[in-house]
Every structure is written in structure tokens, then in C-alpha cells.
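Each chain, written out:
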Amino acid sequence: MKALLTGWGRTAPSAAEVVTPDDDDDVDRLLAQSGRRGAIARGLGRSYGDAAQNGGGTVINATGLAAVQAIDRDAGTIRVDAGMSLDELMHRLIPEGYFVPVTPGTRFVTVGGALAADIHGKNHHVEGSFANHVRSFTLHAPKETLVATPEHEAEVFWATAGALGLTGVVSETTFRLLPIETSRMLVDTERLDHLDLLMERMVEGDARYRYSVAWIDCLASGKSLGRSVLTRGDHAPLDALPPGAREQPLRYRAATRLAAPPWVPPGLLNRLTVAAFNEFWFRKAPRHAVERPESIPSFFHPLDGVRGWNRLYGTRGFVQYQYVVPDDATTTVRQSLERLSAARCPSFLAVLKRFGPGNPGPLSFPFAGWTLALDIPAGLASLGPLLDELDRLVVDAGGRVYLAKDSRLPPELVPVMYPELDRLRELRARLDPTGVLQSDLARRLQLL
Amino acid sequence: MEDGLGGVQSVLVLGGTSEIAIATLHRLIEDRTRRIVLAGRDLPRLHEVADDLRARGATTVECVTFDAVDTASHEGFIDDVFNRFGDIDLVLAAFGVLRDQHHAEQHAAAAVDVAQVNYVGAVSVLTPAAEALRAQGHGALVVLSSVAGERARKSNYVYGSSKAGLDTFARGLGDRLVGSGVHVMIVRPGFVHTRMTADMEPAPLATTPEAVADAIIAGLHARRGIIWVPVTMRPIMTVLRHLPRPIFRRLPI
């Protein structure tokens, strides 16, 4: 079926033939039959940019292959088809006392997408990204189908982590689960008046928490630059629950309560509305709270409560910009916030977090340092030059931009940010010599 | 590929010596554009333009022969460009002629030439160009129309009627391509100071190639369907379009 596709940011649409394979053999057949413009796998379409688009070519909808194959309680692992969503996994696993090893800010991603973007979550500083928890996966490449683990076909394994589908279509995947005693979180919250204070708190305290993230008000300036709400926590142990709640400690409910209207006026999220939201968000957070119980959806996936929230940005859509810079590049974080604040950039979702060490994936995004993520309306005038300027700050600091969220990076910066890009290219020469695997993002960033 | 902010990486210009096209390319190169194909009749002049574009930062600029009236060659020409250069993010149709109206009133050949280049030539080349964009599933097609096509004036109806035909064709094409990933944008400038209009008396609200270029960039960014340059042309033409003919033909325009 011909369909016009965009990423979650709803920019740069392209039309492709979307096909849904019935089984794994079908995947091989679709790869073999794809035409000159090739094929790419797509999950739930939560990449912000054009990673899972392939204009004029084939897009393989992987969400049809989504069965749980087995849970190994002794090893603490699960084997699933890659089209399985983290949302469904959580509904199945949490009542059984398990949690996914990594979750991003939305649970509406597939396991295959999680590997393809090598997603990270609030626990990256201690537990790394998704691929760090994967034991093995089956990869359908145009030339061969193989099973990769960190020991066997290690080069294929790591090159696939973060390669946005450009090594092949992942099917069965086995990964480690996190045992939990309850479905509640215990969360410490601090309201911090400026950036230095925030960074100091994170450096000194993050290691004590499994999960840590800070929300920053990008519109604050001067002495308030970087004013923020830092939330850190962990899964609540059984004995931390009030006696009444211990009856059903693993009860899990995640509902979408609201839906964004199908059409919103362009410019709904502007400087005034975002400033008002940010003020409210900052004020509503407690100045200091310790071990407040919270649900999993409210702690990890607050935006999933509003279906189609990306539509709030209007027809022009929005871009997400996320970078990581090394630990010592604190001035880069400050400078980038100064630029955003000076530009009165209406970002109501700016998130600062510390990463732990990265993994060997040549296109895997995280490495030890500071990561800042921003959502910005695409219609904002002079956004292009502003982000180009941030690119330069990031590159000068030895940092990089997250490709799974990108929609506007200049291609010449990719090899600078990802110096081992050639390892992916060499591997593709073996797995995909005729260049079947293609995407809009790969063409735009000249990855192939 | 077009990027999330409307930036384009590769451009095919039909009418590569057009001043509006060149001003637009200057702006595009400041952003993401690196690969350019210049098509036109005057190869030596195209090469001069190409040198300038390279000096400004374009990495690949190719000059190819294209003649709007040689309609038999158009399909092959478009195939060749798309095969050799890969994805084209933006096709800018900027060719056109403006002959002396008084001369054209007396000489059918001159009037036919205007119709052949501005309308027939455009229909002929934009048809395969639109198909090539549709096949790649993305891209923008920018068509330089004119406010002259909005309502035929006695002093400029030969040119105006050719642009009216082009404008109507492009509007229909744009509607057909909705959902295909291809975005058609019609540009309706008023009087633009260029070589083409150097001998003419400037009309009110006369604009420049640079101003048209800025409007094209902004329009691409916002994925607009029709843009007017300057924007005040839109209400003015709306009024003019609705004037009764006996009044309209008495206007000194």
C-alpha cells in the first residue's frame, strides 16, 4: 500500500510502498524483491525524523511480527519478535515482576526500533543503552540471515546497534529483564534555581540512583539560566509500599487519558504558551521531596498519556535536537542553553541527563558525558541557523547529535561525530553488497 | 533529501540563467544545497553561473542543454538528469520569455513563441519532471508564474495568457500530487527588476530577484502552495480580478 510517511516530528514527508510481512521468510522475500530504491524496516514511527522513511522505495512494517517466544526465568531473559512494542511487553511483564532493561520517554516503540536506535533511558548513567542488555538477535540482511551476539558475529551485533536499520531487518531478539518487586517508583525531586547547582547535584548524586533526569526551562535566562527540576529514583521494594498496597504490588495500568485534537492552530506552542507552561511546571514541582511514590507511566512516560501529542505542534511539525558532549564540556552545555534562551526558543521539553560509558556500536549515540534534548517547533524563524550554531558548539567539544532524532544535520558533520562510520560501511559491503537497505535519513546524511 | 526545516540538498533549475533562479540558488547554498544542475540554452552563460555557485560553496554544479521549445527532447532530458544525478530535491522551473507586446500584436510568430516557451514548453517538461519526483516519493516543484496571469491586461495579454495557462496547469498538478510526497509551489511575482524587464517602465510595487528568492525559501520551509511577491500583490490582484471589464480595461495598466 502506498503511503505518505513522516517521523514523529511530522516534517519532510515521503511516499513509499508499505508492506507488512506475514513471517520471517516474507522479510527475506521482500528484501530480495525490493526495487532500485530499496527497503527499510519501520516500527511504531517514533523516530522524530526520517530514519524509518524510504521515499519511492519499500518500507517494511515490522509491527505485524510481535509474538513473545519465551521467557527464561533462570537466565532472566526474554525472547520476542522485534515488532513487539515495549507498551505490550510492560503490560505482560510487570505483573510477573519484570521490567524492560531500558525505556525511552515513550513506551510506544518496538524492540527492533529500540535496537536500531540503540535507545537510552533515565538509567543510562549506570546501566547503558538497550544494546548493552541484548543477548542475541536474528538479522535478515539481503545477502544472508544470521544470529548475532556480543561474542558471535560481534561486529554485526554492534554495528546494528544504532544503525537505524541499515544492516538489515531484526527479527527474534533476546534481552535481559530487570526483576522488580513492585510496580511503583520511589522518586526524589529537587527544584534547582540555576544550571551550576543542577550540574553539581547530578555529578555528586546520580550514582546513588538507578534513574535520573532533569527537566530544564530553556526560556529562563541570566541568573536563572538552567533552572530545573531534577527527578531521581528507583523501583520501590515491596516493604516500601503501604500495607494496603502490598496485596497487589505488581498491579500495572497505563491508560491514555487524552487525545490531541486532529487539528490545532499553527503556533499553539509559542513563546507565551511555552513560557506559561514552563512556569507552571517549575512551580508545581516540590522544592525538595524524598521517596515520593509514583506510578511507572507517570515517572517514565508522562507524554504517552496524551495520544498524538505531536499534533500539538501544528501542521509544520517540530524537530527534536539531542546532543551529547563529554563530562568536562560543561561550558558547552551552558553556552548552548544561553543560545537557546537568547533566541527565546520555545522548547517545553528540554531534558538534561548524564550518560555513562558508551558501547562499541559505531553509530550508537551515547557516550559518557552530558546529553541535552530539546523539542522545538519547526516553524520557528531562524531555527536552522540556531541549530547549525549548536552543531558547531557540539563538534568543537567532541560531541555528537543523536541520528534517530535528527532531521536536519549537515551530512559533512556525520563522520566527524561518528568517526567509526566506515565500520558500518564495510559491514554493509558484506551483508548488503547491492545496497538494498536504504532510507531517507541514509540518503540525506550520505551514510551509505 | 529535503530536511525537516525545508532545506534542500540537490536542485535542478530549468532556465539556469534566470536572475530569480540564481538569487534563489545563492540563498539555498547558504543553507544545505550542494548539488546543482543548471539547464538552459546559453551554455557559456550557464558555465559562468556555475563558477559563481561553486565559489559560493556548491560542490557539484553541472550545466546541461535544455531548450523549452524542443519538446520532443524533454522526456529523455528529465530521465537523463534523474539517472545521472540521483535524487533531486527541488525542481525550479524558471524559464520564460517576455516579448514586446506591440510587436507580438502584429506578428503572430512572436506571440506563438511566448506561448510555446512559457506554456507548451512548461507543460512538456514539467510532466516528466513531476513523474520523476513522484517516483522518488519526495521533492518540491517550484513554478515561476506571474501576477500577469491573474487577469489579462490589454497591454500584456500575450505574456499574461501564457502564464495563466502555466499557473492553471501547475495548480492542477499540485492537487494531483497531494499525498505523493511531492510539493508543488506556484510563485506569483509582480514586476521584478531583471534583464527581462530592463526596457520596461517599472510597475508599482516592483520587486527584486532577491526578494522573490527570499519568498521562495520561506514558502518551501512552510510548504506553501502559492506565494505572492510582494505579499501585498494578493489583495491587490483579488480586487483587480473582480473589477467589471468595462472598468478594468480603462485602467492605465
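Everything that follows concerns the structure shown earlier in this document.
Let us look at the structure shown here. On a predicted model such as this, the values are computed, not experimentally measured, just so you know. Each chain has its residues counted from 1, running along the sequence as written. Lettering for chains starts from A, numbering for ligands starts from 1, and both go in the order in which the items are written. With the structure being a predicted model, the display of local features is reserved for residues of pLDDT at least 70 and the display and counting of side-chain atom pairs for 80 or more, all residues being used for whole-chain, interface and lining totals. Note: side-chain values were computed over all heavy atoms of the structure, leaving out hydrogens and water.

## Some words on the overall build of chain A
Here is step 1 of the chain: Helix and strand content of chain A: 13 helices and 21 strands.
Here is step 2 of the chain: At 21 Å, chain A has a C-alpha radius of gyration in line with the 22 Å of a compact globule built from 448 residues.
Here is step 3 of the chain: Oriented by its inertia axes, the alpha-carbon framework of chain A measures out at about 60 × 55 × 45 Å.
Here is step 4 of the chain: Each residue is assigned to one of three classes by its accessible area relative to the maximum for its type, calculated with a 1.4 Å probe on protein chains only: buried under 20%, partly exposed between the two thresholds, exposed over 50%. Considering chain A as a whole, with its 448 residues, one finds that 61% of them fall into the buried category. Secondary structure is summarised from DSSP: a helix means a run of H or I of at least four residues, a strand means a run of E of at least two, and numbering begins at the N terminus for each. We compute the radius of gyration from the C-alpha atoms alone; for a globule the expected value is 2.2 Å times N to the 0.38, where N is the number of residues.

## What about the overall build of chain B?
Here is step 1 of the chain: The helix and strand inventory of chain B stands at 9 helices and 7 strands.
Here is step 2 of the chain: Relative to the globule expectation of 18 Å for 253 residues, the C-alpha radius of gyration of chain B, 18 Å, shows essentially globular dimensions.
Here is step 3 of the chain: For chain B, the residues scored as buried account for 53% of the 253 residues in total.
Here is step 4 of the chain: A contact between two residues is defined here by any heavy atoms of the two lying within 4.5 Å. Contacts in chain B between residues far apart in sequence, at least 24 positions, make up 71% of those at least 6 positions apart.
Here is step 5 of the chain: Reported accessibility uses the Shrake-Rupley method at a 1.4 Å probe radius. Residues are deemed covered only where the shown protein chains occlude them. Carbon and sulfur atoms form 55% of the exposed surface of chain B, whose accessible area is close to 11000 Å².
Here is step 6 of the chain: In this tally, Lys and Arg are treated as positive and Asp and Glu as negative; His is ignored, and so are the chain termini. Charge positions come from single atoms, namely NZ of Lys, CZ of Arg, CG of Asp or CD of Glu. In chain B, the 26 positive side-chain charges and the 28 negative ones have mean positions that sit 9 Å from each other.

## Some remarks on unusual backbone geometry
Here is step 1 of the chain: A cis amide bond, omega -10°, links Val229(B) with the succeeding residue Pro230(B).
Here is step 2 of the chain: With respect to the secondary-structure elements, Pro230(B) resides in the loop between strand E7 (226–229) and helix H8 (233–242).
Here is step 3 of the chain: Despite not being glycine, Glu291(A) has its phi angle at roughly 50°, a positive value.
Here is step 4 of the chain: Looking at the element boundaries, Glu291(A) is found in strand E16 (residues 288–295).

## Details of the packing of aromatic side chains
Here is step 1 of the chain: Put simply, two rings from Phe, Tyr or Trp (the six-membered ring, in Trp's case) pair if the centres are within 6.5 Å, and we call them stacked under 30 degrees between planes, edge-to-face over 60, tilted for the rest. In the structure shown here, the tally under the stated rule is 18 aromatic pairs over all chains.
Here is step 2 of the chain: Their ring planes at 20° and their centres at 5.4 Å tell us that Phe277(A) and Trp281(A) sit as a pair that is stacked. Here Phe277(A) pairs with Trp281(A), and both are found in helix H7 (residues 271–284), just 4 residues apart, close to one helical turn.
Here is step 3 of the chain: Three or more aromatic residues joined by ring pairs form one cluster here, namely Trp8(A), Tyr48(A), Trp309(A), Tyr313(A) and Phe318(A).
Here is step 4 of the chain: For Arg191(A), the ring lying beneath its charged end belongs to Phe282(A), and the centroid distance is 5.1 Å.
Here is step 5 of the chain: In this arrangement the basic side chain of Arg151(B) is found over the ring face of Phe248(B), its NZ or CZ atom lying 4.2 Å from the centre. The criterion is that NZ of a Lys, or CZ of an Arg, lies within 6 Å of the ring centre and within 35 degrees of the ring normal, and then a charge sits over that ring.

## Focus on the pattern of salt bridges
Between side chains of opposite charge, pairing is possible as soon as their charged atoms come close.
Here is step 1 of the chain: Put simply, a salt bridge is a Lys or Arg side-chain nitrogen that is within 4 Å of an Asp or Glu carboxyl oxygen. Scanning all chains against the criterion turns up 50 salt bridges over all chains.
Here is step 2 of the chain: Here Arg73(A) makes a salt bridge to Glu96(A), at a shortest N to O gap of 2.4 Å. Here Arg73(A), found in the loop between strand E5 (68–72) and strand E6 (77–80), pairs with Glu96(A), found in the loop between helix H2 (86–93) and strand E7 (98–99); they are 23 residues apart in sequence, far enough to count as distant.
Here is step 3 of the chain: Taking the shortest distance from any N to any O, the salt bridge between Asp440(A) and Arg443(A) comes out at 3.2 Å. Linking Asp440(A) with Arg443(A), this pair stays in helix H13 (residues 440–444), spanning 3 residues, or about one helical turn. Note on accessibility: Asp440(A) and Arg443(A) belong to one class, buried.
Here is step 4 of the chain: The structure contains a network of salt bridges with shared partners spanning Asp388(A), Asp391(A), Arg408(A), Asp3(B), Asp31(B) and Arg32(B).

## Some remarks on the interface of chain B and chain A
In many analyses, interface size is given as the accessible surface area lost on bringing the parts together.
Here is step 1 of the chain: Of the residues lining the interface, 19 residues belong to chain B; the matching set on chain A comes to 26 residues.
Here is step 2 of the chain: Joining two parts hides part of their accessible area as seen by a 1.4 Å probe, and the buried area is that hidden amount summed over both. When the two sides are added together, the surface that chain B and chain A hide from each other amounts to roughly 1800 Å², 52% of it contributed by carbon and sulfur.
Here is step 3 of the chain: Counting every contact that joins chain B to chain A gives 3 salt bridges.
Here is step 4 of the chain: When the shortest N-O distance is used, the salt bridge between Asp87(B) and Arg37(A) registers 2.8 Å.
Here is step 5 of the chain: Under this definition, polar contacts are N or O atom pairs within 3.5 Å; protein pairs additionally need one hydrogen-donor-capable and one acceptor-capable atom, and for neighbouring residues in sequence, both atoms have to be side-chain atoms. Counting the contacts that link chain B with chain A gives 9 residue pairs in polar contact (both at pLDDT 80 or more).
Here is step 6 of the chain: Going through the elements one at a time, helix H5 (108–136) and helix H7 (209–222) of chain B are the ones with two or more residues in the side of chain B that touches chain A.
Here is step 7 of the chain: Residues are grouped as follows: Ala, Val, Leu, Ile, Met, Phe, Trp, Tyr, Cys and Pro are nonpolar; Asp, Glu, Lys and Arg are charged; every other residue, Gly included, is polar. Looking at the side of chain B that touches chain A, its residues break down into 4 nonpolar, 9 polar and 6 charged.

## With respect to the sheet that holds strand E4 (residues 58–61) of chain A
All names here are of chain A.
Here is step 1 of the chain: Strands are treated as partners if at least two bridges between them are detected by DSSP. In space, the 4 strands of this open sheet follow the order E1-E2-E4-E3, with mixed pairing throughout. Edge positions in the sheet fall to strand E1 (2–5) and strand E3 (39–42), since each of these pairs with one other strand and no more. Each neighbouring strand pair of the sheet contributes to a mean axis angle of 45°, computed without reference to strand direction.
Here is step 2 of the chain: As defined by bridge partners, E3 adjoins E4 across 4 bridges and the pair is classed as parallel. Simply put, an axis is a line fit to the C-alpha atoms, just over the touching stretch for a helix, and the angle between two N-to-C directions goes from 0 to 180 degrees.

## Overview of the environment of Phe277(A)
Here is step 1 of the chain: In this structure Phe277(A) comes out as partly exposed when scored by relative accessible area, which is 26%.
Here is step 2 of the chain: Each C-alpha atom, one on Phe277(A) and one on Pro242(A), is 33 Å from the other, the two residues being 35 residues apart in sequence.

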